[in-house]
Amino acid sequence: KGTILLDEISELSLNLQGKLLRVLQERQIRRVGGERFIPIDVRILAASNRDIVGMVQRGEFREDLFYRLDVLRLSLPPVRACPEDVEALFTHFVAVFSRELGLSPVKLTSEAARLLTEYSWPGNVRQVQNVVQRCLALYAGKELTRERIDRALGPDRGFPSNDGALSQAGGSITKAARLLGVHRTTLWRRLKERQAE
């Protein structure tokens, strides 16, 4: 009568996919080393960041398991597609991890919050969680400045210059933003600000 989350379902081997399909069809399990079958009634949530439909077409994921799991499909956009949500997500994880780790929460300055929304988050939600944990480990109970967030994002994360990235990208703002690790609108705003100077 519970719910089980199968995260990264796409990483399951074809052999294990077959076993999972059998469990879903027969609604029973057998403990390792056990002889008795145990009936189950569970809700299954499966998640993946890969294109499962493409994997089915290439024979990398069982079609019968896909259709067994694909009753209701939800597509969640990556963090970089929702920069307006990053600060709330960051704040949520600060509350969760500070309580979990027994550390005093950190507080974002407006400059630090802006940096969070400008960053492209290639590691998606897991990277946000990682950065929050790093900030708590380094700055528990302190205010997070732009410099502290920049440091927490990693040593090699610094933004290259706009001009260099723009020429590298052949003048394409979208490609340059990707190189800089910022959202396209952020780069566009920076370029407009520079023109106004």
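Residues numbered from 1 in each chain as written. Predicted model: local features only at pLDDT ≥ 70, side-chain atom pairs only at ≥ 80, totals over all residues. Heavy atoms only, no water.

Asks: In this structure, what is going on with the nonpolar core? I would like to understand it.
Replies: For soluble globular proteins, nonpolar side chains are generally found buried alongside one another. Ranked by size, the top nonpolar core spans 24 residues in total, and within it Phe90, Leu108, Trp121, Val132, Leu144 and Ile149 carry the most contacts. Among the secondary structure elements, those contributing two or more residues to this core are α4 (86–101), α5 (110–118), α6 (124–139) and α7 (146–153). Ile9, Met55, Val56 and Phe61 belong to the second-largest nonpolar core, a separate cluster that totals 11 residues. (Core = buried A, V, L, I, M, F, W, Y, C linked by side-chain atoms within 4.5 Å. Buried < 20%, exposed > 50% of the residue type's maximum accessible area, 1.4 Å probe, protein only. Helix = DSSP H or I, 4+ residues; strand = E, 2+ residues; numbered from the N terminus.)

Asks: Help me out: how do you make sense of the layout of surface pockets in this one?
Replies: Over the atoms rolls a probe the size of a water molecule, and its path tells where empty space is left. For the largest pocket, the calculated volume is near 1800 Å³. Along its surface, the largest pocket is lined by 46 residues, and Ala46, Ala47, Ser48, Leu74 and Leu76 are the ones closest to its centre. Where the lining of the largest pocket is concerned, the elements lending two or more residues are α1 (14–26), β4 (43–46), α2 (52–57), α3 (63–69), α4 and α6. Tallied by class, residues from the lining of the largest pocket come to 27 nonpolar, 6 polar and 13 charged. (1 Å grid on protein atoms, 1.4 Å probe; cavity = no way out; pocket = protein on both sides within 12 Å on 5 of 7 lines; lining within 4 Å. Points joined across faces, edges and corners; volume = space filled by probe spheres on them. Nonpolar A, V, L, I, M, F, W, Y, C, P; charged D, E, K, R; others polar.)

Asks: Whenever I open this one, a nonpolar patch on the surface confuses me. Can you help?
Replies: On the surface, Val71, Leu72 and Leu74 cluster together to form a nonpolar patch covering roughly 410 Å² of accessible area. The topology assignment puts Leu74 in the loop between α3 and α4. (Patch = residues over 30% accessible without salt bridge, like charges linked within 9 Å, V, L, I, M, F, W, Y side chains within 5 Å. Areas by Shrake-Rupley, 256 points an atom, 1.4 Å probe, with all protein chains shown as cover. Salt bridge = Lys/Arg side-chain N within 4 Å of Asp/Glu carboxyl O.)

Asks: Help me understand the environment of Gln17, please; the structure alone is not making it clear to me.
Replies: Looking at the element boundaries, Gln17 is found in helix α1. Sequence separation of Gln17 and Asp64 is 47 residues, and the distance between their C-alpha atoms is 9.6 Å. Those residues within four positions of Gln17 in sequence are excluded, and the remaining contacts are Leu12, Glu60, Phe61, Arg62 and Leu65. Within polar-contact distance, the side chain of Gln17 engages the backbone oxygen of Leu12 at 2.8 Å. (Contact = heavy atoms within 4.5 Å. Polar contact = N/O pair within 3.5 Å; in protein donor to acceptor, adjacent residues only side chain to side chain.)

Asks: When you look at α6 in this model, what are you seeing that I'm missing?
Replies: Count 3.6 residues to each turn of an α-helix, and residues three or four apart come out pointing the same way. Here α6 spans 22 Å end to end across 16 residues, near enough to the 22 Å set by a 1.5 Å rise per residue. Along α6, the positions that sit buried rather than exposed are Gln127, Val128, Val131, Val132, Cys135, Leu136 and Tyr139. Where the residues of α6 are buried, they touch α4, β6 (143–144) and α7. Directly beyond the C-terminal end of α6, a positive phi value near 80° is found at Gly141. (Expected span 1.5 Å × (residues − 1).)

Asks: Help me understand the packing of α4 against α6, please; the structure alone is not making it clear to me.
Replies: As a packed pair, α4 and α6 sit with axes 9 Å apart at the nearest point and diverge in direction by 55°. Between α4 and α6, the angle is such that the two are oblique. For the element pair α4 and α6, the recorded crossing hand is right-handed. Each of Leu89, Phe90, Phe93, Val94, Phe97 and Ser98 in α4 lies in contact with α6, whose residues at this interface are Val125, Val128, Gln129, Val131, Val132, Gln133, Cys135 and Leu136. The class makeup of the residues in the contact of α4 with α6 is 11 nonpolar, 3 polar and no charged. (Axes fitted to C-alpha atoms, helices over the stretch in contact; angles between N-to-C directions. Parallel < 35°, antiparallel > 145°, perpendicular 65-115°, else oblique. Left-handed = near helix turned anticlockwise from the far one by under 90°.)

Asks: Would you take a moment to explain the confidence of the model for the protein chain for this structure?
Replies: Across the protein chain, the average pLDDT comes to 86, with 84% of residues at or above 70. The low-confidence segment residues 158–162 (pLDDT under 50) makes 14 contacts with residues lying over four places distant or belonging to another chain. (pLDDT = per-residue confidence, 0-100.)

Asks: Can you help me understand the pattern of salt bridges in this one?
Replies: Oppositely charged side chains may form a pair once their charged atoms are brought near each other. Evaluation of the coordinates by the stated rule reveals 10 salt bridges. In this structure, the salt-bridge partner of Arg126 is Glu8, at a minimum N-O distance of 3.4 Å. With Arg126 in helix α6 and Glu8 in the loop between β1 (3–6) and α1, this pair connects stretches of sequence that are 118 residues apart. For Glu111, the salt bridge identified is with Arg114, shortest N-O distance 3.0 Å.

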